[in-house]
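Chain and residue survey
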Amino acid sequence: MERKTELDALAERVMYTGPIDAYFRFSLGTLEYRSIRFETELMDIPNYQGNAVVNYTDCETPWTRIIEHKWFEFGKDEKGLDIPKTVVSREYSSEWRRGDEPYYPVNDDRNSKLYEEYRKMASSEKRVNFGGRLGEYKYFDMDQVIAASLRKASDLVR
């Protein structure tokens with residue numbers, strides 16, 4: 001936000017996907033978010049879970065998902081052989097404080113009302129479009145993000 005004026009001058013339209021309250025310098029107050037903490041581990045085994053992502057929804061498991069990064073690239077080397085090590089990241093839900101990376105909006109009455117006031121302010125921004133989880137202060141699954149992005153792009157080119 002420190003280079004906003006300079007960067008705004010580079011384009012006719014801006015798609016802002018950061019926190020909407022930060023865009024307005026928290027002038028109405030701070031929206032609440034949930035954040036994520038990652039613990040990453042290099043393991044001396046070729047396979048930990050056989051999938052890129054496994055979600056955990058039970059109450060006993062302290063993390064929400066495990067990401068095994070090699071499976072995004074199919075876990076093989078250039079000769080098609082198994083890579084002998086793997087890297088996993090455990091994802092933990094965490095409290096958010098200003099300055100932390102925001103991931104998920106907190107969907108309650110207080111935040112919904114505050115967001116609505118920011119949304120009204122955003123509607124007066126003629127060159128700026130607000131999108132994504134943080135810009136629209138709304139949880140989206142990836143398919144919803146893609147659909148919303150395509151709709152917004154379609155609206156902008158008309």
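To be clear, the structure that these remarks concern was listed above.
Report follows, based on the coordinates. Since the model is a prediction, treat every value here as computed from it, not as a measurement. (Residues numbered from 1 in each chain as written. Predicted model: local features only at pLDDT ≥ 70, side-chain atom pairs only at ≥ 80, totals over all residues. Heavy atoms only, no water.)

On to the pairing of strand 5 (residues 86-95), then. A large share of strand 5 lies buried, amounting to 7 of its 10 residues. Pairing analysis gives 10 bridges linking strand 2 (residues 33-43) to strand 5, with the strands arranged antiparallel. Bridging from a neighbouring strand, Arg37 pairs with Tyr92 of strand 5. (Buried < 20%, exposed > 50% of the residue type's maximum accessible area, 1.4 Å probe, protein only. Helix = DSSP H or I, 4+ residues; strand = E, 2+ residues; numbered from the N terminus. Pairing = 2+ DSSP bridges.)

Counting residues in hydrophobic clusters, the biggest one holds 17 residues, and the most contacted among them are Ile20, Phe24, Leu31 and Phe130. Elements that contribute at least two residues to this core include exactly helix 2 (20-23), helix 3 (109-123) and strand 7 (128-130). Sequence-distant contacts of Phe24, that is, excluding residues within four places in its chain, are made with Tyr118, Met121, Ala122, Glu125 and Phe130. Within the second largest apolar cluster, 5 residues are counted, among which are Met43, Ile66, Val88 and Tyr92. (Core = buried A, V, L, I, M, F, W, Y, C linked by side-chain atoms within 4.5 Å. Contact = heavy atoms within 4.5 Å.)

This part covers the pairing of strand 4 (residues 65-68). Looking along a regular strand, one sees side chains alternate from face to face of the sheet. When strand 3 (residues 53-55) meets strand 4, the two strands line up antiparallel, connected through 3 bridges. Bridge assignment links Val53 to a residue of strand 4, and that residue is Ile67. Sheet topology note: the strand 4/strand 5 ladder contains 4 bridges and is antiparallel. Bridge assignment links Glu68 to a residue of strand 5, and that residue is Val88.

Relative to the elements of secondary structure, Lys120 occurs in helix 3. Look at Lys120 and you get partly exposed, because its relative accessible area is 44%. Between the C-alpha atom of Lys120 and that of Thr86, which follows or precedes it by 34 residues, the distance is 47 Å.

So yeah, pure geometry; function would need other evidence.
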